Amino acid sequence: MSKKLYDLVAKVMNVQSSTINDESGPESIENWTSFKGYVLLYEAETEFKVKFTINEAMDVKKIADIKRHLKNHGAILND
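Residues numbered from 1 in each chain as written. Predicted model: local features only at pLDDT ≥ 70, side-chain atom pairs only at ≥ 80, totals over all residues. Heavy atoms only, no water.

(A) Quick look at unusual backbone geometry. Phi at asparagine 14 is positive, roughly 60°, even though this residue is not glycine. Considering the arrangement of structural elements, one finds asparagine 14 in the loop between α1 (2–13) and α2 (34–48). Taking the relative accessible area as the measure of exposure, asparagine 14 reaches 62% and is therefore exposed. With phi around 55°, lysine 49 is a residue other than glycine that occupies positive phi space. As for its position among the elements, lysine 49 is in the loop between α2 and α3 (54–59). (Helix = DSSP H or I, 4+ residues; strand = E, 2+ residues; numbered from the N terminus. Buried < 20%, exposed > 50% of the residue type's maximum accessible area, 1.4 Å probe, protein only.)

As structure tokens, this is what we get:
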């Protein structure tokens, strides 16, 4: 799942997926704007068939947070 999520992040943020890891976030990805952050959450919801709460969305500071919320929603993660 990490590869799938990393590829999704790379597509939304317009960066190479090889540069993405669990600690990636707005501080390490130059193209990560607040708008793109919301686009990323929308794309993750669509891809993994989940729905994040407002609190979950506001909690996302890095990729590891998205992974944690996906796991909490029952998404199967093959890390």
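Having put the structure on the table, let's press on.
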